[in-house]
Number of protein chains: 2
Amino acid sequence: VSTDPAHKKDVSSAASFLKEIFRETGLACRIHKTSGHPVVEAWSPPRKGVPTVLIYGHYDVQPPEPLDEWLSPPFEPTVRKGNLYARGASDDKGPVMAHIKAVEAWIKSGALLPVNVRFLIEGEEEIGGTSLTECVGPNPERFHADAILVSDTPMLGPGKPAICYGIRGIVYMEVTVRTAASDLHSGAHGGLAPNAAIVIAELLGKLKRKDGKVNVPGFYRNVRPLTRRERESLRAADWDPKRYLREIGARAFPGGEKQYHPRERQWARPTLDINGLVSGFTGEGAKTIIPCVARAKISARLVPDQDPGQVESTLEDYLRSKCPPYAEISIRKFESASSLMVSPDTPSIEAAGRALRRVFGRPPAFIREGGSIPILSYLSATLHAPVVMMGFGRPDDNLHAPNEKFNLGDFHRGASASACYLEEMGRISKGRND
Amino acid sequence: VSTDPAHKKDVSSAASFLKEIFRETGLACRIHKTSGHPVVEAWSPPRKGVPTVLIYGHYDVQPPEPLDEWLSPPFEPTVRKGNLYARGASDDKGPVMAHIKAVEAWIKSGALLPVNVRFLIEGEEEIGGTSLTECVGPNPERFHADAILVSDTPMLGPGKPAICYGIRGIVYMEVTVRTAASDLHSGAHGGLAPNAAIVIAELLGKLKRKDGKVNVPGFYRNVRPLTRRERESLRAADWDPKRYLREIGARAFPGGEKQYHPRERQWARPTLDINGLVSGFTGEGAKTIIPCVARAKISARLVPDQDPGQVESTLEDYLRSKCPPYAEISIRKFESASSLMVSPDTPSIEAAGRALRRVFGRPPAFIREGGSIPILSYLSATLHAPVVMMGFGRPDDNLHAPNEKFNLGDFHRGASASACYLEEMGRISKGRND
């Protein structure tokens, strides 16, 4: 759990565990110490004249809370009905393991690996950390690659492979309002004292309009509209509202702009959400206080061509301007990243399409994704290599939520697809990116 | 800490501790078991022909959280600059102890106690519990009294005694909204999924109008306006806005209806506050989820002649009607009580005025109080006796907040005033209430 300093040692243990696995697989391996969590690098014996595939992934996970909603403990992997349940099963330990098994299969088969393979598995993806840049930045030649292969996006559904060609960016901030020196007795001070919980409710209660639009001036600046072809292709990707609502256990999907198709809202429109909210007494029973502090975590997902810095300032300006003068507001910024787009007709992406077709018996859908993988923009730009997002998880894998799972069939199909991809890449003549 | 089931044993220990003190004082004592926390009763040897004073108080306290704001541990009483700091120091263990010491002084002086004294010290005041009614209800004759003496209201300030003739009532509820089966990844679902934190912010963000009025139709039904005389007397009681803001560490007092005098807002107008708020990820760092549950505790203080049941229904109807149909709302009700008023020219209250003048050298102010003591309405009605609210705490004692304190000078003056009150009551001919 990379976000919680109390788990620093556990994160290190996960890196060491991964190193052991790479060694057993027959790869050279090195743990890079960073100012944050370690990065695990592993590589096959370099061969000349073949392309290099850099496989990026992460071994860190989201916090498992709320614990009482897990049917089996989050850190005791449990198989039920063909699924492996555990925090990180689908995001991203399972998919990383599929790639490792693909390389192991090549090695054990006795055949030469058709490409040079280098793994970069980091421990700060879930916190948008930048420690990976500390190990890549000073020595980008070492990490030279013809393609950056990533399995951290979903398939379209069971048996329906997908290649993701666009992911959203993100800004994330924590907003704190303070209204008094301490919590106050709600009888003695009720009718006079300011209430921090009311201030934050009024502040955040105005963020969205009834039609789902974000009510912050400048929030949509530079949002690139979909081309007509993209919009048609989005609508073609099947999306069943009833199934979606059943999957998430909800009655409606009011979370975005009503005027757009659900797929467009999910993949190609910016969003704003409250991720956490706390103020005053949250324990069992009744406590009659007026809270003096309220805190919210809010984040936005960004699309091309929004600028994370501009969205951050826009949000901050809005919150400061709407906060009543009697409340003290402070804003702490966490991760931010711009969105990332790749062209589907890049040769290394076409190779992924062929690999998936060989394993799943059908061509992949080309999709975009609502999530963010902040480090990918950096890697792609620094290594001058296209990002190939070929995911093996399912949309209902409960990422970041209780009862995260990974289908074991998808694990095996993923490993096969990865092995095929390495072969397909081996057929592409080296040097395209030189 | 009576509200937390985990502290049930600690509450019992406090009752046993109190029993020991009563025994050492020379009073008969009995612990009444109830369906909730025990009630401690103590009494002097009954004498005929003298009035009976029932001294009501409570040995339970509010939760001490947030712990990190206490300068000394909440359950290790610490003296700093003439004040005793501890949870319960002023609310209500210190004032109860002052009465015990007054009775002890009479007994040790060798003189006869001028009245019959009976203590009823309960363990559920802070949760609005009703266990006290289980021991009084079946046998009200046993608790016959000519006056019910209570020290659970403040003085006007240092050296300024006060008698409280009105306290507010209360309703308290917990509101839960649920929007999905589990927390969801804010990337994969942002733009679609409902967000429980946004729902509760929008719901609670509309509770108050800009002028401080509660925005709930029917909320002010039956509110009794102040008489012109009362209003004049409220305005006469000194109230310094600058000092108030300094005491609570705030920049303004926007918590009530702007059109009324601060004292009227604090004592004689109903209020609505959020006491607690929680949703989603509240830990350290960033977690990118869309919360599926949000929970708020809200409470209202009531004045004559508001009906708690009507206010509860009004609030509940409002919240249900404003909750969007895609969110599931549930409402759990906690304590409720109507307000209580007594007439200042009741003989047993005049006796308290004389006692306070003897000790403080000045007559008491007649004030009202913003807080609620739900059980007092019950006791007064059941025992047909007036409630005498003669408090020894100060407005800045940090009740229900970190660093609760009680001034040791006030403790001694309180004990003297209590001793004088028993003498003054002894002079009143018995039988007024028969």
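All right, on to the interface of chain A and chain B then. Tallying the contact residues gives 91 residues for chain A and 90 residues for chain B. Summed over both sides, the interface of chain A with chain B buries roughly 7300 Å², with 54% coming from carbon and sulfur. For the pair chain A and chain B, the interface holds five salt bridges. In this structure, the salt-bridge partner of B:Glu284 is A:Arg332, at a minimum N-O distance of 3.2 Å. Broken down by element, the residue count for the side of chain A that touches chain B peaks at 10 residues, all from strand E11 (residues 271-280) of chain A. Across the side of chain A that touches chain B, the residue classes tally to 42 nonpolar, 30 polar and 19 charged.

Turning next to the relation of the copies chain A and chain B. Mapping chain A onto chain B calls for a screw motion: a turn of 180° about the axis and a shift of 0.1 Å along it, with 0.1 Å RMSD after fitting. The symmetry that links the two subunits is that of a two-fold axis. By residue overlap, the copies meet face to face through one surface: 99% of the interface positions of chain A are interface positions in chain B.

On the surface, a cluster of positive charge is contributed by A:Lys206, A:Lys322, B:Lys210 and B:Lys258. Mapping B:Lys210 onto the fold places it in the loop between helix H4 (196-204) and helix H5 (228-236).

The next subject is the pattern of salt bridges. Within the structure shown, the criterion is met by 57 salt bridges over all chains. Between A:Glu424 and A:Arg354 there is a salt bridge whose closest N-O contact spans 2.8 Å. Taken together, the residues A:Glu424 in helix H12 (residues 408-427) and A:Arg354 in helix H10 (residues 347-360) connect sequence positions 70 residues apart. Judged by its relative accessible area of 32%, A:Arg354 is partly exposed. Where B:Glu424 meets B:Arg427, a salt bridge forms, and the shortest distance between an N and an O atom there is 3.6 Å. Placement of the pair is B:Glu424 and B:Arg427 together in helix H11 (residues 408-427), with a separation of three residues, close to one helical turn. By relative accessible area, which is 5% here, B:Glu424 ends up buried.

Looking now at the packing of aromatic side chains. Counted according to the given criterion, the structure contains 14 aromatic pairs over all chains. Residues A:Phe22 and A:Phe119 carry aromatic rings whose centres are separated by 4.9 Å and whose planes lie at 50° to one another, so their mutual orientation is tilted. Taken as a pair, A:Phe22 in helix H1 (residues 8-25) and A:Phe119 in strand E6 (residues 116-122) lie far apart in primary sequence, 97 residues in all. Between the aromatic rings of A:Phe406 and A:Phe411, the centroid separation amounts to 6.5 Å while the plane-to-plane angle is 75°, which identifies the pairing as edge-to-face. Taken together, A:Trp239, A:Tyr244 and A:Phe253 form an aromatic cluster joined through their ring pairs. Between the NZ or CZ atom of B:Lys213 and the centre of the ring of B:Tyr220, over which it lies, the distance is 4.6 Å.

What follows covers the sheet that holds E11(A). Here we have eight strands laid out as an open sheet, ordered E14(A)-E9(A)-E13(A)-E11(A)-E11(B)-E13(B)-E9(B)-E14(B), and antiparallel in their pairing. This sheet does not close on itself; its edge strands, each paired only once, are strand E14 (328-337) of chain A together with strand E14 (328-337) of chain B. Ignoring which end each strand starts from, the neighbouring axes of this sheet average 20° apart. Examined bridge by bridge, strand E9 (residues 169-178) of chain A and E14(A) share eight bridges and lie antiparallel to one another.

Reading guide: rules and limits
Residues numbered from 1 in each chain as written. Chains lettered and ligands numbered in written order. Predicted model: local features only at pLDDT ≥ 70, side-chain atom pairs only at ≥ 80, totals over all residues. Heavy atoms only, no water. Contact = heavy atoms within 4.5 Å. Buried area = accessible area lost by both parts, 1.4 Å probe. Salt bridge = Lys/Arg side-chain N within 4 Å of Asp/Glu carboxyl O. Helix = DSSP H or I, 4+ residues; strand = E, 2+ residues; numbered from the N terminus. Nonpolar A, V, L, I, M, F, W, Y, C, P; charged D, E, K, R; others polar. Least-squares fit on C-alpha atoms with pLDDT ≥ 70 in both. Patch = residues over 30% accessible without salt bridge, like charges linked within 9 Å, V, L, I, M, F, W, Y side chains within 5 Å. Areas by Shrake-Rupley, 256 points an atom, 1.4 Å probe, with all protein chains shown as cover. Lys, Arg positive; Asp, Glu negative; His and termini not counted. Charge placed at Lys NZ, Arg CZ, Asp CG, Glu CD. Buried < 20%, exposed > 50% of the residue type's maximum accessible area, 1.4 Å probe, protein only. Phe/Tyr/Trp six-rings, centres within 6.5 Å; stacked < 30°, edge-to-face > 60°. Lys NZ or Arg CZ within 6 Å of the ring centre and 35° of its normal. Pairing = 2+ DSSP bridges. Axes fitted to C-alpha atoms, helices over the stretch in contact; angles between N-to-C directions.

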